[in-house]
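Chain and residue survey
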Amino acid sequence: EQIEHTATQGTMGVKLAIIEADKLLDQVLRSMHMPGTTLGERLKSTAYRYPNIRKVWGAHRLRNQLVHDTSFEMGSRQAKQALDDYKAALKVLNVM
């Protein structure tokens, strides 16, 4: 709920919400003891047990672009899709 609220706070809020959703997913996978040192590695491991988790890859790549490419411009549809994908991934993992 807090991440969804942050996403309503303009462009910077949406960017922050995507970053926070990515962190939340990583924390969940760590708590499930999924192997890997990065979220990407943990997602690969998780995909064997939860095939639908693969849908979150686009959102994770978007998060990486936001963090590593300061000139990256994100569209509102792209942002909404990313947040929806994170939410769906958390539901697949039964934490929502």
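Structural notes, computed from the coordinates. Quick caveat, the model's predicted, so the values are computed rather than measured.

Let's talk about the overall build of the protein chain
The helix and strand tally for the protein chain stands at 5 helices and 0 strands. If you list the helices and strands of the protein chain from N to C, you get α-α-α-α-α. In terms of C-alpha radius of gyration, the protein chain reaches 13 Å, essentially the compact-globule figure of 12 Å for 96 residues. With respect to the three principal axes, the spread of C-alpha positions in the protein chain is 35 × 25 × 20 Å. Residues counted as buried form 39% of the 96 residues belonging to the protein chain. Once local pairs closer than 6 in sequence are excluded, the contacts in the protein chain between residues at least 24 apart make up 47%. Carbon and sulfur atoms provide 51% of the accessible area of the protein chain, an area that totals close to 6200 Å².

Thoughts on the nonpolar core
For soluble globular proteins, nonpolar side chains are generally found buried alongside one another. Among the nonpolar cores identified, the biggest contains 27 residues, and Ile18, Leu25, Ile53, Val56 and Met74 are the most heavily contacted of them. Mapped by element, the contributors of at least two residues to this core are helix H2 (10-31), helix H3 (39-49), helix H4 (57-68) and helix H5 (76-92). It is H2 that contributes the most residues to this core, 7 residues altogether. Once residues lying within four places of it in the same chain are set aside, the contact partners of isoleucine 53 are Leu43, Thr46, Ala47, Ala89 and Leu93.

Considerations on the environment of threonine 6
Checked against the element boundaries, threonine 6 lands in helix H1 (residues 2-6). If near-sequence neighbours (up to four positions away) are discounted, threonine 6 is found in contact with Gly13, Val14, Leu16 and Ala17.

Quick word on the side chain of threonine 46
Its location among the elements puts threonine 46 in helix H3. The contacts of threonine 46, once residues within four sequence positions are left out, are Leu29, Met34, Ile53 and Leu93.

Overview of the side chain of aspartate 22
Locating aspartate 22 in the fold gives a position in helix H2. You can call aspartate 22 buried: its relative accessible area is 5%. With residues up to four places along the chain from it excluded, the contact list for aspartate 22 reads Leu39, His60, Arg63 and Tyr86.

Overview of unusual backbone geometry
The phi dihedral of histidine 33 falls on the positive side, at around 60°, and the residue is not glycine. You can see histidine 33 is positioned in the loop between H2 and H3. Judged by relative accessible area, which is 69%, histidine 33 ranks as exposed. Even without glycine at this site, asparagine 94 takes up a positive phi of about 65°. Of note, asparagine 94 is situated in the segment after H5. By relative accessible area, which is 64% here, asparagine 94 ends up exposed.

Rules and cut-offs
In every chain, residue numbers begin from 1 and rise along the written sequence. Local features in this predicted model are restricted to residues whose pLDDT is 70 or higher, and side-chain atom pairs enter the listing and the counts only when it is 80 or higher, whereas totals over whole chains, interfaces and linings include all residues. With hydrogens and water set aside, each side-chain value is computed from the structure's full complement of heavy atoms. In this text, helices come from DSSP runs of H or I with a minimum length of four residues, and strands from runs of E with a minimum of two, each type numbered from the N-terminal end. Computation of the radius of gyration draws on C-alpha atoms, with the globule rule given as 2.2 Å multiplied by the number of residues to the power 0.38. Note on classification: 1.4 Å probe, protein chains only; a residue is buried when its accessible area is under 20% of the maximum for its type, exposed when over 50%, partly exposed between these limits. Contacts between residues were defined by any pair of non-hydrogen atoms, one from each residue, lying within 4.5 Å. All accessibility values rest on the Shrake-Rupley procedure with a 1.4 Å probe; residue burial counts only the protein chains present in the view. Here, the term nonpolar core denotes a set of buried Ala, Val, Leu, Ile, Met, Phe, Trp, Tyr and Cys residues that are joined through side-chain atoms within 4.5 Å.

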